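Structure at a glance
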Amino acid sequence: MLSLLKLVSICKLELVSKVLPSHRWVYRSFSATTSSLQLISREFENKRKVADFDVLFHSCTKVDVAKRLHALLMVLGKAQNVLLSTKLVNLYATLGDVSLSRDTFNQIKRKNIYAWNSMLAAYVRCGRYCEAMTCVNELLSISGPRPDFYTFPPVLKACAHLVDGKKLHCLVLKMGFEHDVFVAASLIHLYSRFGALDVAYKLFVDMPVRDVGSWNAMISGFCQNGNAVEALYVLNSMKVEGVKMDTVTVSSILPICALSNNILSGVLIHLYVIKHGLVADVFVSNALINMYSKFGRLQDAHRVFDHMKVRDLVSWNSIIAAYEQNDDPTTALEFFKRMQFVGIRPDLLTVVSLASIFGQLSHQGFSRSVHGFVMRREWLEEDVVIGNALVNMYAKLGAMDCALTVFEHLPIKDIISWNTLITGYAQNGLASEAIDAYNMMEESRKISPNQGTWVSILPAYSHVGALQQGMKIHGRLIKNCLYLDVFVATCLIDMYGKCGRLEDAMSLFYEIPRETSVPWNAIISSLGIHGHGEEAVQLFKDMLAEGVKADHITFVSLLSACSHSGLVDEGQWCFDMMQKEYEIKPSLKHYGCMVDLLGRAGYLEKAYNLVSNMPLKADASIWGALLGACRIHGNAELGAFASNRLLEVDSENVGYYVLLSNIYANVGKWEGVVKVRSLARDRGLRKTPGWSSVVVGSIVEVFYTGNQTHPQCTEIYEELRALTAKMKSLGYVPDYSFVLQDVEEDEKEQILTSHSERLAIAFGIISTPPKSSIRIFKNLRVCGDCHNATKYISKITERDIVVRDSNRFHHFKGGICSCGDYW
């Protein structure tokens, strides 16, 4: 009796009695004591018993309450009523306890097809697809009820393998349900899910009658498989036949508009939504926000969000992700604060966006708070997505040790986990670690590389000049035709360009689709670092002639190319065009290129005026470019001013101290050299040691300045002495201004001779056949004396010598360098 009274309390029958006056007897019956059960028994004999049970069923919002209702039905002898028992099956499933649904189902002695269908739907609703397939096999094995057209839609959704779906399809044909619109739509969904779109489309075409659900199924199938053209074709056919789009149609087609870069179709659908009053639907508005964010039209996404009368968690997640993914983390964070203010609790996807936001904003403290929030809720074990987001967050912060720790503790590592780690290493300048991570992934043999993997690892190979490894990747990509993917191909172009194979980069560029600016940017940048500024400008003009729209990266690549080649007028033309014709506001990168261009060309005053008048606050790259120009032209006064500004914004970069020290050394101000070096030493900074590498066969040899430990050290220095003598006979004079120590001249010559690039070149000469080319990679800028010496060596040995320093390529051939002595 107490349990019955408790049922009344939890079911809030007092509220029910107020809303439904005709059912006041329910509340009175449960408020009685010893006579209540008898009263219930009498009342349930009247005509209102079904409606009265409906009230109780609707009042059950927790499993415990549902159990008490179940007990009541058993006490009243109603547990074997198929209708009521089946409603209990559905109730338990709705409350998330499918095991109780099955127990209740098992207790039904005479199961009809309605009971079987309810049990099947319960399994599917709770994601228990294996049990659903077992249940349908039980149904097919008995001689009782036979499946009807309500049986197949949920079961087809549960098929884990296409072969299971095909068996059910045969049964549908055998039983004559293939023309039922619900069954046919479910079959279309099934075949679309497994990529068998030809079968799905034939089913769709063969349907004698199609409702809007059938059209939605076919459109959704094409959308899920990325077939934008076919999806839009079916949509147009739907319009021709006079079938109106509903909220499901709109929610399905809007993502494909973004995928196909078809903003016009997206805007037209938005107009349709407004005209037919669908904008009030929260799913439609969420889809519109996502579509506009993919096009970078944040104002439109914001406008849709502001006009929503009802917003769910997905709405907030969508607008936060829109700004986060379009590089506006500050606004994204403001939306998150608004979301908290209105009382919406974040879920896993919210935290994924937050991790990226704090990574972009470099908020160390908040980032760790996000990590702690995830750990407290044990979400790392729940979904690999949040673990990948944390790895990416720490990578953006430059904390690769933390990123690796999170990665190692992931219970499941998918391909995105590996790609995120590899990309993190590569973007933080840790190319060797990126390559090691890629090799570990390959050794595990559990993960197959995808497009993201190649886009992650190829920049790492580019950074270290690993041409052979990059070519192996190219070979794998040719086999699966992924080399034609615009992003993968762009990375290959970049790899060949940075490994000194400009001809291969150009050849690949003309093989791939060039409808977007991405491949153009890569090849313009490659031409620039090889000193082909005029060709880069011409290629930019070709790009415009082909109707490809330039973006901000295009102009960074172009201005950099002009800077490498001293094309001041062309660079100024591009800088003006960017602002006037494309309405692109210059970023710090654009200003940095212009300062470098003007400064290297000797226009130091113009460069300084540009820095002084720019609307943005100059960062280290701007002052560094100006300081580098002062180093080239020996302007110690402006160099000292630039260095002071530079150390204000970045006092931890030892390279800037070295630059200023070099300026003082060049003009013989050794007291200035001592002062700058003491300042760097007091701050615990050490000069990055210069090294150069050379590939001989499949072995990479690395040499440091003054290296004396190489097994062939004696032969290397003998070769250098012989080369120096021959160079002097041709007019070579050592330039001691590049010796930054106050020592005697004979020691200065020895220091120049032992620079890392000369050691690498000498080793290449003694280790390779005569007249074969030599490729050198150097971590710092090549010094002026070594540059001059390499020109002589290329003439003496009749070799092509390619040197890639930290800034650009130098192709030495016959005593001439491709840079024209301008670097």
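Look up a bit, the structure's there.
Let me begin by describing the structure that accompanies this report.

Definitions and cut-offs
- Residues numbered from 1 in each chain as written.
- Predicted model: local features only at pLDDT ≥ 70, side-chain atom pairs only at ≥ 80, totals over all residues.
- Heavy atoms only, no water.
- Helix = DSSP H or I, 4+ residues; strand = E, 2+ residues; numbered from the N terminus.
- Buried < 20%, exposed > 50% of the residue type's maximum accessible area, 1.4 Å probe, protein only.
- Contact = heavy atoms within 4.5 Å.
- Areas by Shrake-Rupley, 256 points an atom, 1.4 Å probe, with all protein chains shown as cover.
- Expected span 1.5 Å × (residues − 1).
- Arc of directions from axis to C-beta.
- Pairing = 2+ DSSP bridges.
- Axes fitted to C-alpha atoms, helices over the stretch in contact; angles between N-to-C directions.
- Patch = residues over 30% accessible without salt bridge, like charges linked within 9 Å, V, L, I, M, F, W, Y side chains within 5 Å.
- Salt bridge = Lys/Arg side-chain N within 4 Å of Asp/Glu carboxyl O.
- Lys, Arg positive; Asp, Glu negative; His and termini not counted.
- Polar contact = N/O pair within 3.5 Å; in protein donor to acceptor, adjacent residues only side chain to side chain.
- Parallel < 35°, antiparallel > 145°, perpendicular 65-115°, else oblique.
- Left-handed = near helix turned anticlockwise from the far one by under 90°.
- Nonpolar A, V, L, I, M, F, W, Y, C, P; charged D, E, K, R; others polar.

Observations concerning the overall build of the protein
A count of helices and strands for the protein gives 47 helices and six strands. Here the protein, with 823 residues, has 48% of them falling under the buried criterion. Across the protein, every contact between residues at least 6 apart in sequence was considered, and the portion connecting residues at least 24 apart equals 61%. Total accessible area on the protein stands at roughly 40,000 Å², and carbon and sulfur atoms take up 54% of it.

Quick look at helix 12 (residues 162–175)
Across its 14 residues, helix 12 extends 20 Å between first and last C-alpha, which sits within 8% of the 20 Å expected from 1.5 Å per residue. The complete set of buried residues in helix 12 reads G165, L168, H169, L171 and V172. One face of helix 12 carries all of its buried residues, which in axial projection span an arc of 160°. Of the exposed residues in helix 12, those oriented more than 90 degrees away from the buried face are K167, C170 and K174. Buried positions along helix 12 lie against helix 10 (129–141), helix 11 (152–158), helix 13 (181–193) and helix 14 (197–206). One or two steps after helix 12, the chain reaches G176, where phi turns positive at roughly 80°.

A short note on the sheet that holds strand 6 (residues 816–817)
Pairing is mixed across the open sheet formed by six strands, whose spatial order is 2-1-3-4-5-6. Edge strands, defined here as strands with exactly one partner in the open sheet, are strand 2 (699–704) and strand 6. Summarising the sheet, strand 4 (residues 801–804) and strand 5 (residues 809–813) pair through four bridges and their orientation is antiparallel. Bridging across to strand 5, I801 finds its partner in F812. Against the sheet, helix 46 (residues 756–767) makes contact with strand 1 (691–696), strand 2, strand 3 (774–778) and strand 4, and its axis sits at roughly 15° relative to strand 1, the strand it touches most.

Brief notes about a nonpolar patch on the surface
Together, L264, L268, L271, I274 and V279 make up a nonpolar patch on the protein surface, roughly 470 Å² of accessible area in all. Looking at the element boundaries, L268 is found in helix 18 (residues 263–275). Accessibility expressed as a relative area gives 48% for L268, which makes it partly exposed.

A word on the side chain of R808
When you line up the elements, R808 lands in the loop between strand 4 and strand 5. Although R808 is buried, it forms no salt bridge, and the closest oppositely charged side chain is D805 at an N-O distance of 6.2 Å. Side-chain polar atoms of R808 contact the backbone oxygen of H564, separated by 2.9 Å.

Side note on the packing of helix 32 (residues 486–498) against helix 33 (residues 502–509)
Put simply, helix 32 and helix 33 touch, their axes get as near as 7 Å, and they point 160° apart. Comparing their axes, helix 33 and helix 32 come out roughly antiparallel. Helix 32 and helix 33 meet at a crossing whose hand is left-handed. In contact with A489, L492, I493, Y496 and G497 of helix 32, helix 33 contributes L502, D504, A505, L508 and F509. Of the residues assigned to the contact of helix 32 with helix 33, the class counts are eight nonpolar, one polar and one charged.

Quick look at the side chain of N90
Mapped onto the secondary structure, N90 falls in helix 7 (residues 82–94). Judged by its relative accessible area of 19%, N90 falls in the buried class. With near-sequence residues (within four places) excluded, N90 lies in contact with Y114, S118 and R125.

Re the pattern of salt bridges
Applying the stated rule across the entire model yields 14 salt bridges. The partner of R297 in a salt bridge is D300, and the shortest N-O contact between them spans 2.7 Å. For K778, the salt bridge identified is with E757, shortest N-O distance 3.0 Å. Separated by 21 residues along the polypeptide, K778 in strand 3 and E757 in helix 46 bring together distant segments of the chain. In this pair, the class of K778 matches that of E757, namely buried. Here the residues in one salt-bridge network are R297, D300 and R303, joined through shared partners.

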